[in-house]
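Architecture and fold: a report
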Amino acid sequence: MAKIGGMELMVILIVALFAIGPERLPKAARKLGRAMRTFKKYMNDATSDLREASEEFREVTDELASAQKTMRDAFSEVDEDLKTTTREIDKELNKTTGELNEELGKVTAAVESEMNKTADAANNEVEKTTKMVEETIGESAQPTADQEKVKDEQPGAAAV
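Scoring rules and cut-offs
- Residues numbered from 1 in each chain as written.
- Predicted model: local features only at pLDDT ≥ 70, side-chain atom pairs only at ≥ 80, totals over all residues.
- Heavy atoms only, no water.
- Helix = DSSP H or I, 4+ residues; strand = E, 2+ residues; numbered from the N terminus.
- Areas by Shrake-Rupley, 256 points an atom, 1.4 Å probe, with all protein chains shown as cover.
- Salt bridge = Lys/Arg side-chain N within 4 Å of Asp/Glu carboxyl O.
- Patch = residues over 30% accessible without salt bridge, like charges linked within 9 Å, V, L, I, M, F, W, Y side chains within 5 Å.
- Lys, Arg positive; Asp, Glu negative; His and termini not counted.
- Charge placed at Lys NZ, Arg CZ, Asp CG, Glu CD.
- Buried < 20%, exposed > 50% of the residue type's maximum accessible area, 1.4 Å probe, protein only.

Here's the deal with the overall build of the chain
If you tally the helices and strands in the chain, you get three helices and zero strands. N-terminal to C-terminal, the α/β element order of the chain is α-α-α. Carbon and sulfur atoms make up 61% of the accessible area of the chain, which amounts to about 14,800 Å² in all.

Structure representation (structure tokens):
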């Protein structure tokens, strides 16, 4: 509100005295005083309401900040739990993968060993069969005495 000094008040009173007149001035001053009190009361009420609203707003923002912190803490805990669980799962998977690879190596070695034994046995059988066939072919390739006689008797056989 504007500050009114002594000189300003005197000038206002003199102007009011001339404008309103001496008989109506006391009534006007009372009305002005009541209006000023009412205005001051309304201003005080408005200021009080604004302070209450400001305090309520501050309480709500504090509650929101507290809820936000609680949520952040909860999410942080969940995130940490997820990381821990992920590490444990990775560890178990690596262990299981190692065990499976070890077993796979054993099975692969056993299969390769059996394949080699089977291949060796098959090669031996092929060699035996080849020898038998060669022996059979060798015996049939040698002419018998009768075949020699027939060969000698054929004309022109000697010329070849």
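Quick notes on the pattern of salt bridges
One pass over the full model with this rule turns up nine salt bridges. Put simply, Glu 55 and Arg 58 hold a salt bridge, and the shortest N to O gap is 3.0 Å. Of this pair, Glu 55 and Arg 58 both sit in helix 2 (residues 25-141), three residues apart, which is roughly one turn of that helix. In this structure, Lys 83 and Asp 79 form a salt bridge, with 3.4 Å as the shortest nitrogen-oxygen distance. Taken together, the positions of Lys 83 and Asp 79, both in helix 2 and four residues apart, correspond to about one turn of that helix.

Digging into a nonpolar patch on the surface
On the surface, Ile 4, Leu 9, Ile 12 and Leu 13 cluster together into a nonpolar patch covering about 380 Å² of accessible area. Tracing the chain through its elements places Leu 9 in helix 1 (residues 6-20).

Here we look at a positive patch on the surface
A cluster of basic residues, Lys 27, Arg 30, Lys 31, Arg 34 and Arg 37, forms a positive patch on the protein surface. Tracing the backbone shows Arg 37 in helix 2.

What about a negative patch on the surface?
A surface patch of negative charge is lined by Asp 49, Glu 52, Glu 56, Glu 59, Asp 62 and Glu 63. With respect to the secondary-structure elements, Glu 63 resides in helix 2. Accessibility expressed as a relative area gives 55% for Glu 63, which makes it exposed.

Remember, this is a structural readout, not a statement about activity or role.
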